[in-house]
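The lines below spell out each chain.
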2 protein chains.
Amino acid sequence: MKFNKHIENIKTYEGGKPIELVVREFGIKPEDVVKLASNENPNGCSSKVQEAVRNIVANMALYPDDSMMKLKAGLARRFDLKDENIIIGSGSDQIIELAIHAKANKDSKVLVNGVTFAMYDVYSKHIGCEIIKTTSTDSHDLEQFYTLYKEHNPDIIFLCTPNNPTGDATDAKDIFEFISKIDNDTLVVVDGAYMEYAKYKDSNKAIEPKELIEKFENVLYLGTFSKAYGLGGMRVGYGLGRADIIKQLYKLRPPFNITTLSLEAASVALEDEEFVKNSIEMNFNEMKRYENFANEQKIDIIESYTNFITLCFVNPRNSTDIADALLKRGMIVRDLSGYGMNAIRVTVGKPEQNSRFFELLLEYL
Amino acid sequence: MKFNKHIENIKTYEGGKPIELVVREFGIKPEDVVKLASNENPNGCSSKVQEAVRNIVANMALYPDDSMMKLKAGLARRFDLKDENIIIGSGSDQIIELAIHAKANKDSKVLVNGVTFAMYDVYSKHIGCEIIKTTSTDSHDLEQFYTLYKEHNPDIIFLCTPNNPTGDATDAKDIFEFISKIDNDTLVVVDGAYMEYAKYKDSNKAIEPKELIEKFENVLYLGTFSKAYGLGGMRVGYGLGRADIIKQLYKLRPPFNITTLSLEAASVALEDEEFVKNSIEMNFNEMKRYENFANEQKIDIIESYTNFITLCFVNPRNSTDIADALLKRGMIVRDLSGYGMNAIRVTVGKPEQNSRFFELLLEYL
C-alpha cells in the first residue's frame, strides 16, 4: 500500500531505553539501575498529587472533562491570563504538533536552533515541511536566526529557552528584541519547558508569558508539567497565546486529549508550590556538585538553567563510548552524538544518584 | 495571523456537557445528575485496575515506557498477533488520526457511512480532505458503499461495526465480502470499538482481527479500552494490521502518547475478563428493559449490539426538545439531530439509572 510520499523517509522515533531493557540486556538488578536520561524530576511528584489521584481512580471509567475547566482556571490564575489564552496538550509536544499543523504545510519552512528539542524537527517532518537550522549549538545565536529568517521567510520559528538538550538560556530582553523584528505573520514559539528552573537561577532569563502575549500578536508560549512539577508520565503541557491563535489550535486539538487522572494531577500539582520550590532548590544545589566535578576533571560543561547538565568531551574521549560504558554499569544518560555533539546530557538526580554518576564516570575516565 | 486555509472552516469540536455544568446551569444536586451520554461503562472499571493504578501513582513522574512492552504483549496474546501488528493510540481516535495523516491528503477522499462516528469526519477535515457519505443511517449499506467507492476512488473507507451512534452491526461475512472487492491501495478501517458487545450478542457480527489481517493486506482494525474495559478516561485504544501498515502509522505517532498510568490500567484491564463479561451481561439484561419500554411506548428503536440504544421519534415529537427536557431534570443523553436524525442515543446504565430514564421520559411523553 502506498502512503503519503513525505512520510517515506521519516525515521520512527525511538525514545530512551526503559529500565526493564537495561535490566534484561545487561543483567543488572532493577534497583541498581539509575536513569538520568529523561530529565524527570528526581523527587518524583508531590505527595498531594499522588493522594488526589489515588482518591479518584474510580473515575478512570469517565471521559475527561473536555472543557478542562479546573486546570485552565488554575493556569489562568497562575499566569494572570484568560481561559481563551490557554490550550492544554498531551505534553507541550502536542502543542508543537498543533502549531505546525495549523500554520505550516509541505511548502513551509520552520526555523530552529542548530541543536534543540528534537520534536520541532519530528513534527515538521510529519507534514513534510523544510527545517532550517542555525549552526548554533550551545546557545541561540539570534543574529543568525534573524539572517536565516530574512533569507527563508519561515512560517514558524522555535526558540527554546532554556534550550534542550544543552541547558543554556537566552536573556529575556534578547528574545523580546528578536521577536519585535519578526513579521506578524510568522509564528514565534517560545518553548519554556524548563522556565521554572531558569527563573529561579537568573531573573534575566525569566520570560513572563503575559508580557510576551500582550506585546506580540504572533507568539505562542509553551510550558509543561513534565519537569519541575514532576508529572512526566502524565502528559500535560500547555500553550499560551492570543485568543485568535489559541482558537486556531483548538480546531485541530483531538477531543479528550488529556486523561481524567492527568487533569486532576496537573490541577493539584499547580497548587503545590512548595514541592516545586524544593525540587528546584535541590536541583541547583546538586548542580554545583556537577560543576565542581567537571572543573576538577577538566571536562567542559555548558552552564545550565535546567534540571540537567551537558558535559562536552574532547577527542579522543567519545560521548557514545562513555554513554555505552555507563549503560553497562546501569547508568542511563543521553548521548548527544546524534545532535553532532561529542557530549552527554545528564539529568541532575538525587544526591546519591549523582554520586553514583561521578563514581562510574571516574572509573571510565 | 494567517493559518492554513483548510482549517478556516473547521468548527471546534464540543464534547458533551460535563456534569458540573448541568449542576451549575440547572441547580441540580450533583448526586441527582445521571449521565447516559458518553457510553461509559456504568460499572466503572475493574477493582483490580484501580488497585494496580493506586499502587503506582508515584510513577507519575516517570515518562511512560514508550515501547509499551507490557500492553503490547497482552494485546498480542489476546488477538494471537505479533508486536509488529499493533499500535497503541490515545484512544482509538488517535489511530484514526494517524491513518488519515499517513494515507490521505488534501486531495483525498474518505468514504464513510451516512451516520457514523464523528471523528472520521473531524480528522479528515483537519487535513482538508473530502468526506463522501452514504445515505445510510441505521445500518451500513455496503452496496452503496461499493458504488461510491467505484465512483470516487477514496483513499480510506471507514466501516464502523457496531456503528456509533446508531448501535447496529454488520454481519462479519458481509464485511469480508465487501473488503475482498476493494483495491489493495485503499485502506479499509474496521472500527470495532464496541465489538466486545456485538460478539457476545451475536456471533455473526463477530470480526476476528487476526482473520481480517491474514486475509487482507489493506485493513486496519480498531479497538478500545474506553467501553467494555471501562477506561474511557484513560485514553487507550489500538490499531491492528499488517506490519507494513503499522510501521507507517508508527512514523507519525507522537512519542509517549499514552500516560504511565494508562499503560498500567489497560494492561491490567485486559486480564480481568470477569469484569468485562459481567459488564456485558448486565448491559444486555438492562437493554431488554429499554426494548420493552420502547415497545410499550411505541417508540422505534434500532437493534443495538453495543452499550447504548438509539430511540427514534416521529413528528411532532422532537429529539432536541426531549433531550433538553431530560437535561433540565439532570438526565444527560445524546441528541442525534446533529446527525440529521430525530433520535436520542442513551447509554445503557445501571438498573436504577435506567429506571430513572424511563421515569423522566414518561413524564415528558
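Small disclaimer: the values here were computed from a predicted structure and weren't measured. (Residues numbered from 1 in each chain as written. Chains lettered and ligands numbered in written order. Predicted model: local features only at pLDDT ≥ 70, side-chain atom pairs only at ≥ 80, totals over all residues. Heavy atoms only, no water.)

A.B. asks: Would you mind showing me how to read the overall build of chain A here?
C.D. replies: Within chain A, the regular secondary structure consists of 14 helices and 13 strands. At 20 Å, chain A has a C-alpha radius of gyration in line with the 21 Å of a compact globule built from 365 residues. The principal-axis extents of the C-alpha atoms in chain A amount to approximately 55 × 55 × 55 Å. The buried share of chain A, reckoned over its 365 residues, is 61%. Taking contacts inside chain A between residues at least 6 apart in sequence as the whole, the part at least 24 apart equals 74%. A total of about 14,200 Å² of accessible surface is found on chain A, and carbon and sulfur atoms cover 46% of it. (Helix = DSSP H or I, 4+ residues; strand = E, 2+ residues; numbered from the N terminus. Rg over C-alpha atoms; globule rule 2.2 N^0.38 Å. Buried < 20%, exposed > 50% of the residue type's maximum accessible area, 1.4 Å probe, protein only. Contact = heavy atoms within 4.5 Å. Areas by Shrake-Rupley, 256 points an atom, 1.4 Å probe, with all protein chains shown as cover.)

A.B. asks: When you look at the domain arrangement of chain A in this model, what are you seeing that I'm missing?
C.D. replies: The parts lose accessible area when they come together, and the size of an interface is often stated as this lost area. Residues and elements named next belong to chain A. Along its sequence, chain A is organised into domain 1 (5-44 + 274-364) and domain 2 (47-272). Placing the centre of domain 1 and that of domain 2 at their C-alpha centroids yields a distance of 24 Å. In this assembly, 29 residues from domain 1 lie in contact with 32 residues from domain 2. Of all residues in domain 1, Ile280, Tyr305 and Tyr339 give up the largest surface area on contact with domain 2, accounting jointly for 25% of the area buried on that side. (Domains from an automatic or database assignment. Buried area = accessible area lost by both parts, 1.4 Å probe.)

A.B. asks: What's the story with the sheet that holds strand E10 (residues 308-312) of chain B in this structure? I'm lost.
C.D. replies: Adjacent strands of a sheet pair through backbone hydrogen bonds, lying either parallel or antiparallel. Residues and elements named next belong to chain B. The four strands lie next to each other as E9-E10-E13-E12, forming an open sheet whose pairing is antiparallel. Each having just a single partner strand, strand E9 (300-302) and strand E12 (334-335) make up the two edges of the open sheet. Strand direction decides the pairing type here: E10 and strand E13 (residues 343-347), joined by five bridges, are antiparallel. Across the sheet, Leu311 pairs through a bridge with Ile344, a residue of E13. Lying over the sheet, helix H12 (residues 273-297) contacts E9, E10 and E13, oriented at roughly 10 degrees with respect to E10. (Pairing = 2+ DSSP bridges. Axes fitted to C-alpha atoms, helices over the stretch in contact; angles between N-to-C directions.)

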